[in-house]
Amino acid sequence: MHLSNDFITARAHTNIALIKYWGKKNDDLIIPNNNSLSLTLNEFYTETSVKFDNSLSKDLVLLDDHDISDSNQIINFLDIIRTKANINASAYVKSYNHVPTSAGLASSASGFAALAAAGSKAAGLQLSLTEMSKLARRGSGSATRSIFGGFSEWIKGNTDNDSYGKSIQDPVAMDINMIAIILDKKPKKISSRIGMKRSVETSPYYNAWTKQTEIDLIKAKEAIKSNNFKALGQVAESNSMRMHALTMSADPSFMYFNQDSIEVINTVKNLRENGIDCYFTMDAGPNVKIICQSADIKIIKNKLANKFDENQMVVSKPGRGIEFI
Ligand code: PMV
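As a convention, each chain's residues are numbered from 1 in the sequence order in which they are written. Given that this is a predicted model, residues contribute local features only at a pLDDT of at least 70 and side-chain atom pairs are listed and counted only at 80 or more, while totals for whole chains, interfaces and linings are drawn from all residues.

Novice: Can you explain the site of the ligand? Please cite residues and give values.
Specialist: Using a C-beta atom placed from the backbone, a residue is described as near a molecule or strand when that atom lies within 6 Å of it. Around the ligand there are 13 residues in total, and Ala17, Tyr21, Gly141, Ser142 and Ser192 lie nearest to it. Under the scheme applied here, ten amino acids are nonpolar (Ala, Val, Leu, Ile, Met, Phe, Trp, Tyr, Cys and Pro), four are charged (Asp, Glu, Lys and Arg), and all others, including Gly, are polar. Residues that form the shell around the ligand fall into these classes: four nonpolar, six polar and three charged. When residues of the shell around the ligand are assigned to domains, at least three fall in each of domain 1 (8–172) and domain 2 (177–316). Where each domain begins and ends is defined by an automated method or by a domain database.

Novice: Outline the domain arrangement of the protein chain, listing residues and values.
Specialist: Here the protein chain is described as being made up of domain 1 (8–172) and domain 2 (177–316). Here domain 1 and domain 2 have C-alpha centroids that lie 23 Å from each other. The interface is formed by 25 residues belonging to domain 1 together with 37 residues belonging to domain 2. Going along the chain from the N terminus, every DSSP run of H or I of four or more residues is numbered as a helix, and every run of E of two or more is numbered as a strand. Taken together, the elements giving at least two residues each to the side of domain 1 that touches domain 2 come down to β1 (8–19), β4 (36–53) and β9 (164–169). With six residues, β4 is the largest single contributor of residues to the side of domain 1 that touches domain 2. Along the lines of polarity and charge, the residues of the side of domain 1 that touches domain 2 split into 14 nonpolar, eight polar and three charged. Here, residue contact means that the backbone-derived C-beta atoms of the two residues sit within 7 Å.

Novice: Give me the lowdown on helix α1 (residues 72–85), citing residues and values where you can.
Specialist: With 14 residues, α1 ought to run about 20 Å at 1.5 Å a step, and its terminal C-alpha atoms sit 20 Å apart, in line with that. Those residues of α1 that sit buried are Ile74, Phe77, Leu78 and Ile81. Each buried residue of α1 lies within a common arc of 100 degrees when the element is viewed along its axis, so the set occupies one face. Facing away from the buried side of α1 by over 90 degrees, the exposed positions are Asn72, Asn76 and Thr83. Contact partners of the buried residues in α1: β5 (60–63), β7 (90–98), α2 (107–122) and α3 (129–139). Asn86 occupies a position one or two residues after α1 and carries a positive phi of about 60 degrees. Helices are assigned an expected span. That span is 1.5 Å times one less than the residue count. Burial is judged by counting the other C-beta atoms within 10 Å of a residue's own C-beta: 20 or more makes it buried, 12 or fewer makes it exposed, and any count in between marks it as partly exposed, with every C-beta position built from the backbone. This arc is built from the directions going out from the helix axis to the C-beta atoms.

Structure (structure tokens):
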């Protein structure tokens, strides 16, 4: 393989699932139990530069200028790239997150998507988007979808080779925005990895989740096809709550909501009762993402302004797929 002499830099945007991935059938290969569907966001992204260098004695990894070279998750991921490319060289990785890390804003999605793209190219591999998506999946499940812009789907598959993301629609036709309400920037207490494992193993509702998610996914894809914002918002909100029901019904139970999350959820419901078409979705952290149309952004932010600062409410439009820069 021909190693690049220069750093290769890639930018990946994060994505927020409208139909969630929650639970794996293979923990090592990260093969999920259900398909998922997401919107890639413009405002949150990771830029990662990689160079493989035979003169390095070990991998050197900097995230936002902090040395995280002892991260097994990243070293294991770099090993997967080395095996694919049949090289031994250690890597120099520099990554910058434009996402509050580990706060349920899917920094792992943009992080591993950017590392898959920059790392594979730096190692001399020329991967298709599908292959890149399979590689990103080995780092973090949600990264599978961040290779693509707009709406994308992760086809669950059964093996390393048939579990990958694909584009559903990019650019996005409907007027859709997400307002990320940043309630907590601290890393989450129960990682998605541990949380989903516990749900699979102990929630009596887990089988119902996989069945229902198939129905939710069909509804979401129909809504995208017919440009139906309301239908997409409704199914995204119910699917998110169904995922959180798996955390509350696990043993021991756990919750990603905090008091502020519930306040935002109630505000969204109240706005809707007053004719503002908006919905919410939440991931493995307390932050709430409000799904809305452009004309309603101002009124929604105003409604929350007495409780949250302007910089806690980040508005994002759909974002692009992976880019080399
Ligand atoms: O890819 P992970 O391990 O960060 O898990 C992501 C899980 C959710 O964000 C809650 C759902 C999803 O599909 O992104």
